[in-house]
Amino acid sequence: MKTNFIPFYFPQLHSIPENDIWWGKGYTDWDRVKTAAPHSENHYQPRIPLNRNYYDQSLEETQQWQIRLALQYKIYGFNFYHYWFGGKLLLEKPLQNFQKLDHTLKYCITWANETWTKRWEGHLNQVLIRQNHRLDEKEWEAHFNYLLPFFKDKRYITIDQKPVFCIYRPDILTDVHQFIEFFQNQAIKNGLNGIYFIALKAYEPKNKSIYDHFDAIMRFQPRDIFGREDDKKILRKKMELYLRALPERYQIFLSELALKFQTHRGHDYDRFWLRLTDTAKKDMAAAKPIYQSIPVDWDNTPRYGEKSHYFFNYSPEKFKSHVKNLLEMFSNAGQKEIYIFVNAWNEWSEGAYLEPDEQDLFKPLEALQALTGYGGK
């Protein structure tokens, strides 16, 4: 069995003029990482990159180092978060640098299509830049034309000979069918075989028919399982389902309001992985392909402080063991090639990263390197 690990790539580790205005001159996510405070004596915060490498992502030398590291440990490719607000790009430089550099690492793109707010700091309804999803074929065409050079890159990841394009929040695309159909037509007009659309699934949407328009679904972890915790009350689950059907502006306000009453919570790492593996086993029988994403670790204390969620009982050895068990299950089911998305390559402010830190060094990367191409017992 051939195993392809594709970690998400987070581009917020360099300064941009907009963040200078919203958060302060020179702001990057490193600011949150450096100042995170532990909840208890054994809580690993702040996370410190190996050799205190608080790099600047806008520099080509940074990405040259990241590419060398990924290739050394047999990472298949990066899945870049992409931000497009009605024609306005944000945090685009890492992806653009990556494309123009000479290397063989593959990549694909996830459109992170949410409105940006100051939710992390507990502000109610303070929107930084709004995502206006509407039927606008001129804007869709501009968006497609920006993405086309990436889609045509020989290093771009394809499935069924189509470039992979993921949508982070498919439920807030008000015209999802028309949007996908338009992109598919544009792709064929420009010499492609179409687009392979993957819908990320971080929670249960009220309208499950949105997935009908996608080629596949990806379970976005750990949020997918956190959102299905066994101890959630039935009434709360029903209420969340209802709220997810509201327009995004109302969802933002209500989620910010709920955050005010949230307290920090630890999740057992082994229990989480048992649920992930059980879910993946059931997903193999689904009519539509369902791809799994796996977390390395998780701790969003840098963003949410006393309201954070985090794993306890994590270790790189457990990470390797759980991933191995997952791959054994796929191998025993007769799968020949699989794509496993990893959360993440460098989302330091959520404790989700493969890059080396002062505590675990290169162990998470070594774990995936040992399991690349793993074919069972």
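The present account deals with the structure reproduced in this document. Model, not experiment: these values are computed from the prediction. (Residues numbered from 1 in each chain as written. Predicted model: local features only at pLDDT ≥ 70, side-chain atom pairs only at ≥ 80, totals over all residues. Heavy atoms only, no water.)

1. Brief notes about the packing of helix H4 (residues 93–100) against helix H5 (residues 137–151)
How two helices sit against one another is set out by the angle between their axes and by the gap between those axes. The cut-off we apply is this: Where helices are involved, their axes are fitted lines through C-alpha atoms of the stretch in contact, as for all axes, and angles between N-to-C directions lie from 0 to 180°. Each helix is a run of DSSP H or I of at least 4 residues and each strand a run of E of at least 2, with the numbering of both proceeding from the N terminus. Crossing handedness follows the turn of the near helix against the far one: under a right angle anticlockwise gives a left-handed crossing, and clockwise gives a right-handed one. When checking whether two residues touch, look at their non-hydrogen atoms; a contact exists if any pair is within 4.5 Å. Gly is put with the polar residues, along with every residue not named as nonpolar or charged; the nonpolar set is Ala, Val, Leu, Ile, Met, Phe, Trp, Tyr, Cys and Pro, and the charged set is Asp, Glu, Lys and Arg.
Here H4 crosses H5 at 35 degrees, and the two axes come no closer than 11 Å. Between H4 and H5 lies a crossing of left-handed hand. Of H5, the residues touching H4 (which contributes Leu 95, Gln 96 and Gln 99) are Tyr 146, Pro 149 and Phe 150. Each residue belonging to the contact of H4 with H5 can be placed in one class, and the counts come to four nonpolar, two polar and no charged.

2. Digging into the nonpolar core
Nonpolar side chains in soluble globular proteins tend to end up buried together. The condition is simple: For this analysis, a nonpolar core means a set of buried residues of the types Ala, Val, Leu, Ile, Met, Phe, Trp, Tyr and Cys, connected via side-chain atoms within 4.5 Å. The classification of residues rests on relative accessible area computed with a 1.4 Å probe and restricted to protein chains. Under 20% of the type maximum is buried, over 50% is exposed, and intermediate values are partly exposed.
One finds Phe 5, Phe 165, Ile 294 and Phe 319 to be the most contacted residues of the largest nonpolar core, which totals 105 residues. In terms of residue count, the dominant contributor to this core is H5 (seven residues). Contact partners of Phe 319, with chain neighbours within four places excluded, come to Tyr 269, Trp 273, Ile 294, Pro 295, Val 296, Tyr 314, Pro 364, Ala 367 and Leu 368.

3. Here's the deal with helix H3 (residues 60–72)
Note on helix geometry: an α-helix contains 3.6 residues per turn, so any two residues three or four positions apart are oriented the same way. Note the cut-off: One less than the residue count of a helix, multiplied by 1.5 Å, gives the span that helix is expected to have. Picture the helix axis, draw a direction to every C-beta atom, and the arc is the one those directions span.
Compared with an ideal rise of 1.5 Å per residue, which puts 13 residues at 18 Å, H3 spans 18 Å between its outermost C-alpha atoms and is within 8% of the ideal. Taken together, the buried positions of H3 are Thr 62, Gln 63, Gln 66, Ile 67, Leu 69 and Ala 70. The buried residues of H3 occupy one face: seen down the axis, they fall within an arc of 165 degrees. Opposite the buried face of H3, at more than 90 degrees from it, the exposed residues are Glu 61 and Arg 68. Lys 74 occupies a position one or two residues after H3 and carries a positive phi of about 60 degrees.

4. Quick notes on the state of the cysteines
Put simply, the test is: Cysteine sulfur atoms that come within 2.5 Å of each other are treated as a disulfide pair.
What the rule picks out here adds up to zero disulfides. No disulfide involves Cys 166; its sulfur sits 5.1 Å from that of Cys 108, the nearest cysteine. Using a relative accessible area of 0% as the deciding quantity, one classes Cys 166 as buried.

5. So, empty space enclosed by the protein
Threshold: A pocket, in this scheme, is an open set of points on a 1 Å grid over the protein atoms alone with protein on both sides within 12 Å along at least 5 of 7 lines, while a cavity is a set where a 1.4 Å probe fits but cannot get out; residues line either one if an atom lies within 4 Å of a point. Grid points are joined across faces, edges and corners, and a volume is the space filled by probe spheres set on the points.
Throughout the structure, instances matching the rule amount to four cavities of 30 Å³ or more. Size it by volume and the largest cavity reaches roughly 110 Å³. At three residues, the largest contribution of residues to the lining of the largest cavity is made by H5. When the residues that make up the lining of the largest cavity are grouped by side-chain class, the tally is five nonpolar, six polar and three charged.

6. Focus on the pattern of salt bridges
Rule in force here: In the sections that follow, a salt bridge refers to a side-chain nitrogen of Lys or Arg positioned within 4 Å of a carboxyl oxygen of Asp or Glu.
In this structure the tally under the stated criterion is 21 salt bridges. A salt bridge links Lys 2 to Glu 337, with the nearest nitrogen and oxygen atoms 3.8 Å apart. Separated by 335 residues along the polypeptide, Lys 2 in strand E1 (residues 2–9) and Glu 337 in strand E14 (residues 337–343) bring together distant segments of the chain. Each of the salt bridges in this network shares a partner with another, and the network as a whole consists of Lys 201, Glu 204, Lys 208, Arg 219, Asp 224 and Asp 283.

7. A closer look at the environment of Lys 152
Here Lys 152 is to be found in the loop between H5 and strand E7 (158–159). Along the sequence, Lys 152 and Pro 163 sit eleven residues apart, while their C-alpha atoms lie 8.0 Å from each other. Setting aside its immediate chain neighbours within four residues, Lys 152 contacts Asn 190 and Leu 192.

8. Quick word on the packing of aromatic side chains
The description of an aromatic ring pair uses the distance of the two centres, along with the angle that the planes make with each other. The condition that has to hold: Planes of paired rings set the category: under 30 degrees apart is stacked, over 60 is edge-to-face and the rest tilted, where pairs are Phe, Tyr or Trp rings (Trp by its six-membered ring) whose centres lie within 6.5 Å. Counting as a charge over the ring demands two things of the Lys NZ or Arg CZ atom: a distance within 6 Å of the ring centre and an angle within 35 degrees of the ring normal.
Counted by the stated rule, this structure contains 50 aromatic pairs. Between Trp 22 and Trp 116 the ring centres are 5.9 Å apart and the planes differ by 75 degrees, which places this aromatic pair in the edge-to-face class. Of the two residues, Trp 22 is situated in helix H1 (residues 17–23) and Trp 116 in strand E5 (residues 116–117); the sequence distance between them amounts to 94 residues. The two residues Trp 22 and Trp 116 agree in class, both being buried. Between Trp 140 and Phe 179, the ring centres sit 5.5 Å apart and the planes meet at 90 degrees, which makes this aromatic pair edge-to-face. Of this pair, Trp 140 sits in helix H5 while Phe 179 sits in helix H6 (residues 176–189), placing them 39 residues apart in sequence. Both residues of the pair, Trp 140 and Phe 179, count as buried. Above the face of the Trp 23 ring, Arg 32 is positioned so that its terminal group lies 4.9 Å from the ring centre. Across the ring face of Tyr 54, the terminal group of Lys 34 is positioned such that the distance to the ring centre comes to 4.6 Å.

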